[in-house]
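Examining the three-dimensional arrangement
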Amino acid sequence: MKYEECWSSRHENDGKKQYGGRNVVGYANHAPDPKWPNKAKVALNFVINYEEGGENCILHGDGESEKLLSEIVGASAYPNQRHVNMESLYDYGSRAGFWRLHRMFTQRNMPCTVFAVGMALERNQQACKAMVDAKWEVASHGYRWWDYQNVDQDTEREHIQRTIEIHNNLLGRRPLGFYQGKPNENTRNLIVQEGGFLYDSDSYADDLPYWTMDYGDKPHLIIPYTLSENDMKFVSPGGFSNGQDFCQYLKDTLKFLVEEGKQGSPKMMTVGLHCRIVGRPGRAAGLAEFMDYAKSFKKDVWICTREEIAKHWYESHYPVGMGSPIKEDKKEVTAEDES
């Protein structure tokens, strides 16, 4: 009897480094030099999650109220009832928090990426115009701010198509990036099948973008997101208690990554933001301090959008031997963007 056959606990995936879309080894100790523009040591991307108006709510046709990511830590959903406090906490994000963040980024002329929920965009066309005027990248955060774990494929596919249409109608272009946030095992396959996305960010697995061949005959780019350098920890047990906590953690992260870059291993850093959370004044003060700190690194820190990172990765790190179809697709998308 073979060694691996003698255990009743044996599983077909035992010993595999790649299985089911996972890769537990990745770059290991041989991460590529990303070759960021101007020899930057870190690519820094700010993400503003625009979700308010797309959350669970009886008024949206849902069966329960929202329960996640608000000042009411540990809130429960109210089945078949409105949660009016939760609703107004979300409304703060679209009414006030978004505009505070908009001023902070535009006054500093700093780029950012928006992860935008389609339903939320439809409810606030003034915010849509502000995103376009600021020349921000607006990636898709799905049609609804739902947990898609148990959503069937047909519904999720329709939601993806519907939010692309919303982007085209309200922003003048389709999204090139996608982040469902609470995906299921079918989400990435649906994104690849749709055919128009340069990347998705439903991963937290690395400090650099990476390719996967698990979803078709072409490489698919994944730009990992973050739940650690993220303002959600303001409303999580044991998380940040004030703006200075947030600021110091972000400073420590960036400083460490810059030093790694100087030693020959540049990386990327993402900062996740929510209008209803860091849009509050005391928290925004900490974010503002970090933004100015990041700018002080000058060329060592490339402050950019995820779309810029994606296009750079296609140009500099496209898998060897895979031909040029995706590069040609990318050029077509770029040409459309400029028209």
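These remarks concern the structure in this document. (Residues numbered from 1 in each chain as written. Predicted model: local features only at pLDDT ≥ 70, side-chain atom pairs only at ≥ 80, totals over all residues. Heavy atoms only, no water.)

**What to know about the overall build of the protein chain**
Short version of the rule: Helix numbering and strand numbering both begin at the N terminus, where a helix is a DSSP run of H or I of at least 4 residues and a strand a DSSP run of E of at least 2. For each residue, the accessible area found with a 1.4 Å probe, counting protein chains only, is set against the maximum for its type, and the residue is called buried under 20%, exposed over 50%, and partly exposed in between. Contacts are assigned to residue pairs that have any heavy atoms within 4.5 Å of one another. All accessible areas in this document rest on Shrake-Rupley with a 1.4 Å probe, and a residue is counted as covered only by the protein chains that are shown. Positive residues here are Lys and Arg, negative ones are Asp and Glu, while His and the chain termini are left out of the count. Lys charges are placed at NZ, Arg charges at CZ, Asp charges at CG and Glu charges at CD.
Along the backbone of the protein chain there are nine helices and 11 strands. Principal axes of the C-alpha set define a box for the protein chain whose edges measure 60 × 50 × 45 Å. Across the 339 residues of the protein chain, 51% fall into the buried class. For the protein chain, long-range pairs separated by at least 24 residues make up 69% of all intrachain contacts whose partners lie at least 6 apart in sequence. Total accessible area on the protein chain is roughly 16,700 Å²; 46% of this is exposed by carbon and sulfur atoms. Of note, the protein chain has its 41 positive side-chain charges centred 6 Å away from the centre of its 49 negative side-chain charges.

**Describing the side chain of R306**
Put simply, the rule reads: The rule for a salt bridge is simple: a side-chain nitrogen of Lys or Arg has to be within 4 Å of a carboxyl oxygen of Asp or Glu.
With respect to the helices and strands, the residue R306 is situated in helix α8 (residues 306-317). With no salt bridge to any partner, buried R306 finds its closest opposite charge in E137, at an N-O distance of 6.3 Å. Not counting residues within four places of it along the chain, the set of residues in contact with R306 comprises N45, V47, T113, F115, E137, Y199, S201, I223, P224, Y225, M268 and T270.

**Some thoughts on the packing of aromatic side chains**
Test applied: Only rings of Phe, Tyr and Trp enter the pairing, Trp through its six-membered ring, and a pair is recorded when the two centres are within 6.5 Å. The plane angle decides the type: under 30 degrees is stacked, over 60 is edge-to-face, the rest tilted. In this scheme, Lys NZ or Arg CZ marks a charge over a ring once it lies within 6 Å of the ring centre and within 35 degrees of the ring normal.
Considering all chains together, one arrives at 24 aromatic pairs under this definition. Aromatic side chains F46 and F105 sit 5.3 Å apart centroid to centroid with 75 degrees between the ring planes, which places their arrangement in the edge-to-face category. Of this pair, F46 sits in strand β3 (residues 42-50) while F105 sits in helix α1 (residues 84-107); the two residues are 59 residues apart in sequence, bridging distant segments of the chain. Each member of the pair, F46 together with F105, is buried. Note on W211 and Y318: the rings are 5.5 Å apart at their centroids and 85 degrees apart in plane angle, and the pair reads as edge-to-face. Of this pair, W211 sits in strand β8 (residues 210-212) while Y318 sits in the loop between α8 and α9 (325-338); the two residues are 107 residues apart in sequence, bridging distant segments of the chain. Taken together, the ring pairs in this structure connect F46, Y50, F98, W99, F105, W136, F290, Y293 and F297 into an aromatic cluster. Residue placement shows K251 over the ring face of Y293; its charged tip is 5.2 Å from the ring centre. The ring of Y92 has R280 lying over it, and the distance from NZ or CZ to the ring centre is 3.6 Å.

**Here we look at the nonpolar core**
Where we set the bar: We define a nonpolar core as any set of buried Ala, Val, Leu, Ile, Met, Phe, Trp, Tyr and Cys residues linked to one another through side-chain atoms lying within 4.5 Å.
Grouped together as the largest cluster of nonpolar side chains are 58 residues, with contacts concentrated most on F46, Y50 and F290. Contact partners of Y50, with chain neighbours within four places excluded, come to S94, F98, V114, F115, A116, V117, A120, L121, N124, A127, M131 and C275. If you look at the next biggest cluster of nonpolar residues, it comprises 23 residues, including A40, Y179, W211 and W313.

**Focus on the pattern of salt bridges**
The tally for this structure, following the rule as stated, stands at 14 salt bridges. Salt-bridge contacts for E87 lead to R82; the nearest nitrogen and oxygen are separated by 2.7 Å. Exposure remark for R82: the relative accessible area of 43% places this residue in the partly exposed category. Where E307 meets R173, a salt bridge forms, and the shortest distance between an N and an O atom there is 3.2 Å. Of this pair, E307 sits in helix α8 while R173 sits in the loop between α4 (153-171) and β6 (177-178), and the two are 134 residues apart along the sequence. The class of E307 is buried, set by a relative accessible area of 9%. Judged by relative accessible area, R173 falls into the partly exposed class, the value being 29%.

**Side note on the environment of F178**
Secondary-structure assignment places F178 in strand β6. Taking the C-alpha atoms as reference, F178 lies 7.8 Å from D202; in sequence the two are 24 residues apart.

**As for α4**
The following threshold applies: One less than the number of residues in a helix, times 1.5 Å, gives the span that helix is expected to have.
Taking 1.5 Å as the rise per residue, α4 with 19 residues should run 27 Å; its terminal C-alpha atoms sit 26 Å apart, in good agreement. Positive backbone phi, approximately 85 degrees, marks G172, located one or two places after α4.

**As for the packing of α4 against helix α5 (residues 187-194)**
Condition: Axis definition: a line fitted to C-alpha atoms, limited for helices to the stretch in contact. Angles are taken between N-to-C directions and run from 0 to 180 degrees. Angles below 35 degrees are treated as roughly parallel, those above 145 as roughly antiparallel, those between 65 and 115 as roughly perpendicular, and all remaining angles as oblique. With the far helix as reference, a near helix turned anticlockwise by less than a right angle produces a left-handed crossing, and one turned clockwise produces a right-handed crossing.
Two elements in contact, α4 and α5, have axes whose closest approach is 10 Å; the angle formed by their N-to-C orientations is 50 degrees. Here α4 is positioned oblique relative to α5, judged by the angle of their axes. The way α4 lies across α5 gives a crossing that is right-handed. Only T187, L190, I191, Q193 and E194 of α5 make contact with α4, whose side of the interface consists of Q153, E156, R157, I160, Q161 and I164.

**Section: the pairing of strand β10 (residues 267-274)**
The condition is simple: The pairing criterion is simple: DSSP has to find at least two bridges between the two strands.
Where burial is concerned, most of β10 is hidden: eight out of the eight residues are buried. Neither face of β10 is left uncovered, since the one carrying K267, M269, V271 and L273 and the one carrying M268, T270, G272 and H274 both have all their residues buried. The sheet contact formed by β3 and β10 spans eight bridges and is parallel. Counted as the bridge partner of L44 is M269 from β10.

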